[in-house]
Amino acid sequence: MMRSRILSVLSACLVAATVAAGCGADVAPGSMVPVRPAERPLPGGVKLDPEVPKENKDNDCGDPTASLAPSGTSVPSGSTMDEIRKRGRLIAGVDQNTYLFGFRNPTTGELEGFDIDIVREIAERLLGDRSKVQFKALPASQRIDALKDGSVDLVAYTMTVTCERRKDVEFSSVYFESGQRILVAKGSDYKKVSDLGNKPVCAPAESTSLTNLAKEDPPPDLIAVDDLADCLLLLQQRQVEAVSTDDSILAGMAKQDPSVHVVGEQFSKEPYAIGIPKGNTDMVRYVNAVLDDIRNDEWDQLYGKWLEPVLGPAQPPAPKYR
Ligand code: GLU
């Protein structure tokens, strides 16, 4: 247990402090050795006993990846798209901490990545200008809330479609297929998820990654973060044994830090789709028309630019409609 590790470090420090103080012997204060904690403090927002999102075992929405058929890219007056046009900008909830999908380029300060470019493709068709986007950087745990309170028009955010989530939001067709694996230090003995039972493993808060890990027997000791960069930091500091989430996200971490690598087989399917507020079915059909267009053309270019160098060649996923 992470907590028992922290406790044992604290008691070791107490023992060390007693020894350093000469166990009550006549030692001058000046000769005391300052005792520092052996482990670094955890980054803010780390949850040691996170809530695990429940799984909809019956898949009572049928195939969650089957979306609404595209409607073309015309914009009827009074539609959701018409409102966005009148506003003059698309408001998109995105990530700013996931390298290659949604991250802030430290040199330019701009948001970049595959998900960011998908949003720009939608803005180009809807508003005639890729730059007419207001990006709202959110933690993954806020994706559903931002769609529910209408503060964003859509969320493009490595977001897996599930029946459970479809109770709260609409989803476009699938634009990327991922799957969960593990990221470990090079040279570590961990080769697959089942090697990590009762070991501290980091994953994004409120993610399907936590749900999948909790199914292992015995499960890992789960640690959740709002900011995925903290998972990499915890692994670098050896406060966790592994990070586990979608391999497309882990590949970006491995690219950032050559001392870690992705291992084992995929143990889940993570189809990504654009999240859209519940009831905005006109927007779902519109976005699906844009995605159809992208699949025939820009998808290869965007995949080649961001993901092919780390993930190898791939085809765009075929859309499914209900
Ligand atoms: N794709 C998974 C999910 O939507 C895990 C990664 C993430 O949280 O973005 O839960």
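Look up a bit, the structure's there.
Just so you know, these numbers come straight off a predicted model, no measurement behind them.

Visitor: Which parts of the structure should I look at to understand the sheet that holds strand S3 (residues 102-104)?
Guide: Think of a sheet as strands paired side by side through backbone hydrogen bonds, with each pair either parallel or antiparallel. Taken together, three strands build an open sheet; the order of strands is S2-S3-S4 and the sheet is antiparallel. In this open sheet, the two edge strands, each paired with only one partner strand, are strand S2 (97-98) and strand S4 (111-112). Of the strand pairs in this sheet, S2 and S3 are connected by two bridges, and their pairing is antiparallel. In the sheet register, Thr 98 faces S3, and the bridge partner there is Gly 102.

Visitor: What's the story with the site of the ligand in this structure? I'm lost.
Guide: Of all residues adjacent to the ligand, which total 15 residues, the nearest are Thr 158, Thr 160, Arg 165, Thr 208 and Asp 246. Measuring from a nitrogen atom of the ligand, one finds a side-chain N or O atom of Thr 160 at 2.8 Å. Taking Arg 165, its side chain carries an N or O atom lying 2.9 Å from an oxygen atom of the ligand. Where the shell around the ligand is concerned, the elements lending two or more residues are helix H6 (208-214) and strand S11 (242-246).

Visitor: I keep staring at the pairing of strand S1 (residues 90-94) and nothing clicks. Help me out?
Guide: A regular strand carries its side chains on alternate faces of the sheet. Among the five residues of S1, five are classified as buried, and the element is accordingly described as predominantly covered. Across the two faces of S1 the burial is the same, with Leu 90, Ala 92 and Val 94 and Ile 91 and Gly 93 all buried. As defined by bridge partners, S1 adjoins strand S5 (residues 133-137) across five bridges and the pair is classed as parallel. The residue bridging Gly 93 from the neighbouring strand is Lys 136, located in S5. Both S1 and strand S6 (residues 154-155) contribute to a ladder of two bridges, which runs parallel. Bridging from a neighbouring strand, Gly 93 pairs with Val 155 of S6.

Rules and cut-offs
Residues numbered from 1 in each chain as written. Predicted model: local features only at pLDDT ≥ 70, side-chain atom pairs only at ≥ 80, totals over all residues. Heavy atoms only, no water. Pairing = 2+ DSSP bridges. Helix = DSSP H or I, 4+ residues; strand = E, 2+ residues; numbered from the N terminus. Near = heavy atom within 4 Å. Polar contact = N/O pair within 3.5 Å; in protein donor to acceptor, adjacent residues only side chain to side chain. Buried < 20%, exposed > 50% of the residue type's maximum accessible area, 1.4 Å probe, protein only.

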